[in-house]
Amino acid sequence: MIEREQLHRQGYALLRDAIPGNWLADLRAIFDANVQASEHWPVPRGMDWRHSLLDLDATVQAVCRLPQVLTVAGELIGERFFLSQVEGREPLAGGGHQQLHRDLSIQRPGDMVNAIAFFDDYGPDNGATRIVPGSHRPSPQQPPFDPNDETGVVQLSGTAGDILLFDVDLLHAGSRNVNGARRRSILINYCAQALYRTQLETAGLRGVRMDTREQFDPALLQQARQMAATRI
(Lines give C-alpha, C1' and ligand atoms only; values in the text may rest on other atoms or scores of the structure.)
Protein backbone atom coordinates (compact mmCIF):
# COMPACT_ATOMS: atom_id res chain seq x y z
CA MET A 1 0.00 0.00 0.00
CA ILE A 2 1.32 3.45 -0.93
CA GLU A 3 2.07 5.69 2.07
CA ARG A 4 -0.10 8.80 1.68
CA GLU A 5 2.30 11.42 3.12
CA GLN A 6 5.20 10.13 1.06
CA LEU A 7 3.08 10.09 -2.10
CA HIS A 8 2.14 13.76 -1.75
CA ARG A 9 5.66 14.78 -0.72
CA GLN A 10 7.37 13.06 -3.65
CA GLY A 11 4.60 13.56 -6.20
CA TYR A 12 4.79 10.08 -7.69
CA ALA A 13 4.41 6.36 -7.06
CA LEU A 14 6.02 3.46 -8.89
CA LEU A 15 3.78 0.41 -8.63
CA ARG A 16 5.84 -2.73 -9.17
CA ASP A 17 4.22 -5.63 -11.07
CA ALA A 18 0.88 -3.81 -11.17
CA ILE A 19 -0.19 -5.37 -14.48
CA PRO A 20 -1.04 -9.08 -14.26
CA GLY A 21 1.78 -11.01 -15.90
CA ASN A 22 -0.54 -13.00 -18.14
CA TRP A 23 -1.79 -9.77 -19.75
CA LEU A 24 1.59 -8.60 -21.01
CA ALA A 25 1.95 -10.68 -24.17
CA ASP A 26 -1.50 -9.54 -25.35
CA LEU A 27 -0.75 -5.91 -24.49
CA ARG A 28 2.45 -5.98 -26.54
CA ALA A 29 0.57 -7.46 -29.47
CA ILE A 30 -2.18 -4.83 -29.13
CA PHE A 31 0.43 -2.07 -29.10
CA ASP A 32 2.13 -3.37 -32.26
CA ALA A 33 -1.14 -3.95 -34.12
CA ASN A 34 -2.30 -0.36 -33.58
CA VAL A 35 0.87 1.59 -34.38
CA GLN A 36 0.01 4.61 -36.54
CA ALA A 37 2.45 6.77 -38.50
CA SER A 38 2.75 10.37 -37.34
CA GLU A 39 0.78 11.76 -40.29
CA HIS A 40 -2.22 9.56 -39.46
CA TRP A 41 -2.83 11.27 -36.11
CA PRO A 42 -4.97 14.43 -35.83
CA VAL A 43 -1.86 16.28 -34.68
CA PRO A 44 1.57 14.97 -35.87
CA ARG A 45 3.54 13.03 -33.27
CA GLY A 46 7.28 13.13 -32.54
CA MET A 47 9.27 11.39 -35.26
CA ASP A 48 11.64 9.63 -32.84
CA TRP A 49 8.77 7.82 -31.14
CA ARG A 50 6.45 5.00 -32.16
CA HIS A 51 2.81 5.85 -31.36
CA SER A 52 -0.07 3.40 -30.98
CA LEU A 53 -3.77 4.29 -31.20
CA LEU A 54 -5.21 1.72 -28.81
CA ASP A 55 -7.66 3.48 -26.51
CA LEU A 56 -10.65 1.33 -27.57
CA ASP A 57 -9.04 -1.97 -26.59
CA ALA A 58 -10.65 -3.69 -23.60
CA THR A 59 -7.40 -4.93 -22.06
CA VAL A 60 -5.83 -1.48 -22.30
CA GLN A 61 -8.92 -0.03 -20.65
CA ALA A 62 -8.62 -2.65 -17.90
CA VAL A 63 -5.04 -1.52 -17.21
CA CYS A 64 -6.29 2.06 -16.86
CA ARG A 65 -8.86 0.87 -14.30
CA LEU A 66 -6.68 -1.35 -12.13
CA PRO A 67 -7.86 -0.66 -8.54
CA GLN A 68 -4.40 0.20 -7.22
CA VAL A 69 -3.83 2.63 -10.09
CA LEU A 70 -7.18 4.37 -9.61
CA THR A 71 -6.59 4.62 -5.85
CA VAL A 72 -3.24 6.39 -6.29
CA ALA A 73 -4.63 8.69 -9.01
CA GLY A 74 -7.56 9.58 -6.75
CA GLU A 75 -5.29 10.27 -3.80
CA LEU A 76 -3.15 12.64 -5.87
CA ILE A 77 -6.11 14.45 -7.48
CA GLY A 78 -8.18 14.57 -4.28
CA GLU A 79 -11.63 14.80 -5.87
CA ARG A 80 -13.85 12.99 -8.35
CA PHE A 81 -11.95 12.34 -11.57
CA PHE A 82 -12.16 10.66 -14.96
CA LEU A 83 -9.95 8.84 -17.44
CA SER A 84 -9.18 11.43 -20.10
CA GLN A 85 -6.78 9.75 -22.50
CA VAL A 86 -4.55 6.73 -23.17
CA GLU A 87 -2.16 6.14 -26.05
CA GLY A 88 0.82 3.93 -26.75
CA ARG A 89 4.35 5.34 -26.91
CA GLU A 90 7.76 3.83 -27.54
CA PRO A 91 11.10 5.59 -28.14
CA LEU A 92 12.78 4.47 -31.35
CA ALA A 93 16.44 3.44 -31.40
CA GLY A 94 18.51 6.58 -30.84
CA GLY A 95 15.40 8.64 -30.06
CA GLY A 96 13.19 9.50 -27.13
CA HIS A 97 15.37 12.02 -25.32
CA GLN A 98 13.46 14.87 -23.71
CA GLN A 99 14.47 17.80 -21.57
CA LEU A 100 12.97 17.90 -18.11
CA HIS A 101 9.52 19.46 -18.22
CA ARG A 102 6.18 19.74 -16.48
CA ASP A 103 2.94 18.87 -18.29
CA LEU A 104 1.21 21.49 -16.09
CA SER A 105 -2.06 21.41 -14.19
CA ILE A 106 -4.91 23.50 -15.60
CA GLN A 107 -7.17 25.01 -12.92
CA ARG A 108 -5.31 24.17 -9.72
CA PRO A 109 -2.17 22.30 -8.67
CA GLY A 110 -2.79 18.57 -8.70
CA ASP A 111 -5.85 18.47 -10.94
CA MET A 112 -4.22 16.04 -13.39
CA VAL A 113 -2.20 12.85 -13.01
CA ASN A 114 -0.25 10.93 -15.63
CA ALA A 115 0.55 7.23 -15.56
CA ILE A 116 3.02 5.26 -17.65
CA ALA A 117 2.36 1.52 -17.80
CA PHE A 118 5.40 -0.38 -19.06
CA PHE A 119 4.91 -3.39 -21.36
CA ASP A 120 8.66 -4.14 -21.59
CA ASP A 121 11.55 -4.02 -19.15
CA TYR A 122 12.91 -0.46 -18.94
CA GLY A 123 16.08 1.25 -17.81
CA PRO A 124 18.70 3.85 -18.78
CA ASP A 125 19.69 1.95 -21.93
CA ASN A 126 16.29 1.85 -23.62
CA GLY A 127 14.81 5.24 -22.85
CA ALA A 128 13.32 4.94 -19.36
CA THR A 129 11.66 7.91 -17.69
CA ARG A 130 13.62 10.37 -15.54
CA ILE A 131 11.93 12.21 -12.67
CA VAL A 132 12.83 14.74 -9.97
CA PRO A 133 11.03 13.64 -6.78
CA GLY A 134 9.30 16.45 -4.92
CA SER A 135 9.61 18.95 -7.77
CA HIS A 136 5.84 19.30 -8.32
CA ARG A 137 5.42 22.02 -5.67
CA PRO A 138 8.39 24.42 -6.00
CA SER A 139 8.65 27.09 -3.34
CA PRO A 140 8.52 30.81 -4.28
CA GLN A 141 12.17 31.10 -3.20
CA GLN A 142 13.41 28.61 -5.77
CA PRO A 143 15.24 30.01 -8.83
CA PRO A 144 13.55 29.83 -12.27
CA PHE A 145 13.40 26.32 -13.68
CA ASP A 146 16.31 25.36 -15.94
CA PRO A 147 15.39 22.35 -18.16
CA ASN A 148 19.08 21.47 -18.52
CA ASP A 149 19.71 21.28 -14.76
CA GLU A 150 19.32 17.62 -13.84
CA THR A 151 20.17 18.03 -10.18
CA GLY A 152 18.10 15.56 -8.19
CA VAL A 153 17.12 13.46 -11.22
CA VAL A 154 16.25 9.82 -10.62
CA GLN A 155 16.57 7.49 -13.61
CA LEU A 156 13.89 4.84 -13.26
CA SER A 157 14.34 1.19 -14.11
CA GLY A 158 12.21 -1.89 -13.68
CA THR A 159 10.37 -4.70 -15.36
CA ALA A 160 7.39 -5.11 -17.65
CA GLY A 161 4.18 -4.68 -15.67
CA ASP A 162 5.32 -1.72 -13.56
CA ILE A 163 3.20 1.45 -13.60
CA LEU A 164 4.47 4.94 -12.76
CA LEU A 165 1.93 7.54 -11.61
CA PHE A 166 2.83 11.19 -11.09
CA ASP A 167 1.41 14.66 -10.61
CA VAL A 168 1.65 16.42 -14.00
CA ASP A 169 3.64 19.25 -12.38
CA LEU A 170 6.44 16.84 -11.42
CA LEU A 171 9.60 17.38 -13.48
CA HIS A 172 10.02 14.38 -15.76
CA ALA A 173 11.41 13.39 -19.16
CA GLY A 174 11.98 10.47 -21.47
CA SER A 175 15.55 9.31 -22.07
CA ARG A 176 17.39 8.31 -25.22
CA ASN A 177 16.91 4.72 -26.33
CA VAL A 178 20.60 3.96 -26.63
CA ASN A 179 20.53 0.24 -27.37
CA GLY A 180 17.33 0.14 -29.43
CA ALA A 181 15.59 -2.44 -27.22
CA ARG A 182 11.79 -2.38 -27.20
CA ARG A 183 10.24 -0.13 -24.54
CA ARG A 184 6.52 -0.18 -25.24
CA SER A 185 4.24 1.61 -22.81
CA ILE A 186 0.94 3.41 -22.55
CA LEU A 187 0.63 6.99 -21.34
CA ILE A 188 -2.58 7.48 -19.34
CA ASN A 189 -4.08 10.78 -18.22
CA TYR A 190 -6.56 11.24 -15.35
CA CYS A 191 -8.26 14.60 -14.73
CA ALA A 192 -10.36 16.20 -12.01
CA GLN A 193 -14.03 16.16 -12.97
CA ALA A 194 -14.07 19.98 -13.24
CA LEU A 195 -11.91 19.64 -16.37
CA TYR A 196 -14.30 17.36 -18.22
CA ARG A 197 -15.80 19.94 -20.57
CA THR A 198 -12.38 21.37 -21.49
CA GLN A 199 -10.95 17.92 -22.18
CA LEU A 200 -13.98 16.91 -24.23
CA GLU A 201 -13.52 19.92 -26.49
CA THR A 202 -9.97 18.85 -27.40
CA ALA A 203 -10.59 15.07 -27.56
CA GLY A 204 -10.54 14.99 -31.37
CA LEU A 205 -7.22 16.81 -31.59
CA ARG A 206 -5.70 14.35 -29.11
CA GLY A 207 -6.95 11.29 -30.99
CA VAL A 208 -9.30 10.27 -28.17
CA ARG A 209 -12.05 7.90 -29.34
CA MET A 210 -13.02 6.18 -26.06
CA ASP A 211 -15.96 7.08 -23.84
CA THR A 212 -14.64 9.33 -21.04
CA ARG A 213 -17.88 9.84 -19.08
CA GLU A 214 -17.17 7.40 -16.24
CA GLN A 215 -16.33 9.12 -12.94
CA PHE A 216 -14.24 7.78 -10.07
CA ASP A 217 -14.66 8.83 -6.44
CA PRO A 218 -11.44 8.71 -4.34
CA ALA A 219 -13.33 8.01 -1.11
CA LEU A 220 -15.17 5.03 -2.60
CA LEU A 221 -11.94 3.70 -4.12
CA GLN A 222 -10.26 3.83 -0.71
CA GLN A 223 -13.19 2.07 0.94
CA ALA A 224 -13.12 -0.69 -1.67
CA ARG A 225 -9.40 -1.27 -1.11
CA GLN A 226 -9.83 -1.36 2.67
CA MET A 227 -12.66 -3.88 2.36
CA ALA A 228 -10.57 -6.04 0.02
CA ALA A 229 -7.64 -5.93 2.45
CA THR A 230 -9.93 -6.94 5.32
CA ARG A 231 -11.20 -9.96 3.39
CA ILE A 232 -7.60 -11.06 2.78
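Within an unreviewed UniProt entry, the label attached to the protein reads Phytanoyl-CoA dioxygenase, and the organism entered is Pseudomonas moraviensis. Recorded in UniProt for the protein, the comment headed Cofactor (unreviewed entry) runs: "Fe(2+)".

**Q** Any chance you could explain the overall build of the protein here in plain terms?
**A** On a plain count of helices and strands, the protein comes out with 6 helices and 10 strands. Relative to the compact-globule value of 17 Å for 232 residues, the protein shows a C-alpha radius of gyration of 17 Å, a close match. Expressed as lengths along the three principal axes of its C-alpha atoms, the size of the protein is roughly 45 × 45 × 40 Å. Across the 232 residues of the protein, 48% fall into the buried class. Taking the contacts inside the protein whose residues are at least 6 apart along the sequence as the reference set, 87% of them involve residues at least 24 apart. Total accessible area on the protein stands at roughly 11,200 Å², and carbon and sulfur atoms take up 53% of it. For the protein, the separation between the mean place of its 23 positive charges and that of its 28 negative charges on side chains is 2 Å.

**Q** What's the story with the environment of Gln-107 in this structure? I'm lost.
**A** You can see Gln-107 is positioned in the loop between strand 3 (81-91) and strand 4 (112-118). A relative accessible area of 54% places Gln-107 in the exposed class. Taking C-alpha positions, Gln-107 is 7.9 Å from Leu-195, a pair spaced 88 residues apart along the chain. What Gln-107 contacts, discounting residues up to four positions off in sequence, is Ala-194 and Leu-195.

**Q** Before we go on, may I ask you to explain the pattern of salt bridges in this structure?
**A** Side-chain pairing between opposite charges can occur once the charged atoms of the two side chains come close. Per the counting criterion, the structure on display carries 19 salt bridges. Glu-87 is the salt-bridge partner of Arg-45, the closest N and O atoms lying 2.8 Å from each other. On the criterion of sequence distance, the pair formed by Arg-45 in the loop between helix 2 (24-33) and strand 2 (49-52) and Glu-87 in strand 3 is long-range, its members being 42 residues apart. Of the residues examined, Arg-45 reaches a relative accessible area of 14% and is grouped as buried. For Arg-50, the salt bridge identified is with Glu-90, shortest N-O distance 2.6 Å. You can see Arg-50 sitting in strand 2 and its partner Glu-90 sitting in strand 3, a full 40 residues away along the chain. Taking the relative accessible area as the measure of exposure, Glu-90 reaches 1% and is therefore buried. Linked through salt bridges whose partners overlap, the residues forming this network are Arg-28, Asp-32, Arg-50, Glu-90, Asp-120, Arg-182 and Arg-184.

**Q** Just checking my understanding: could you explain the packing of aromatic side chains for this structure?
**A** Within a pair of aromatic rings, the relevant descriptors are the distance that separates the centres and the angle that separates the planes. Summed over the entire model, instances satisfying the criterion amount to 4 aromatic pairs. Here the aromatic rings of Phe-82 and Tyr-196 are separated by 5.0 Å at their centres, their planes lie at 75°, and the arrangement is edge-to-face. Taken as a pair, Phe-82 in strand 3 and Tyr-196 in helix 5 (residues 196-201) lie far apart in primary sequence, 114 residues in all. The exposure class of Phe-82 is buried, given its relative accessible area of 1%. Grouping aromatic residues by their ring pairs yields a cluster made of Phe-81, Tyr-190 and Phe-216. Here Arg-102 stacks its cationic end above the ring of Phe-145, 5.5 Å away from the centre of that ring.

Rules of the game
- Residues numbered from 1 in each chain as written.
- Predicted model: local features only at pLDDT ≥ 70, side-chain atom pairs only at ≥ 80, totals over all residues.
- Heavy atoms only, no water.
- UniProt positions renumbered as here; feature names shortened; annotations may be inferred.
- Helix = DSSP H or I, 4+ residues; strand = E, 2+ residues; numbered from the N terminus.
- Rg over C-alpha atoms; globule rule 2.2 N^0.38 Å.
- Buried < 20%, exposed > 50% of the residue type's maximum accessible area, 1.4 Å probe, protein only.
- Contact = heavy atoms within 4.5 Å.
- Areas by Shrake-Rupley, 256 points an atom, 1.4 Å probe, with all protein chains shown as cover.
- Lys, Arg positive; Asp, Glu negative; His and termini not counted.
- Charge placed at Lys NZ, Arg CZ, Asp CG, Glu CD.
- Salt bridge = Lys/Arg side-chain N within 4 Å of Asp/Glu carboxyl O.
- Phe/Tyr/Trp six-rings, centres within 6.5 Å; stacked < 30°, edge-to-face > 60°.
- Lys NZ or Arg CZ within 6 Å of the ring centre and 35° of its normal.

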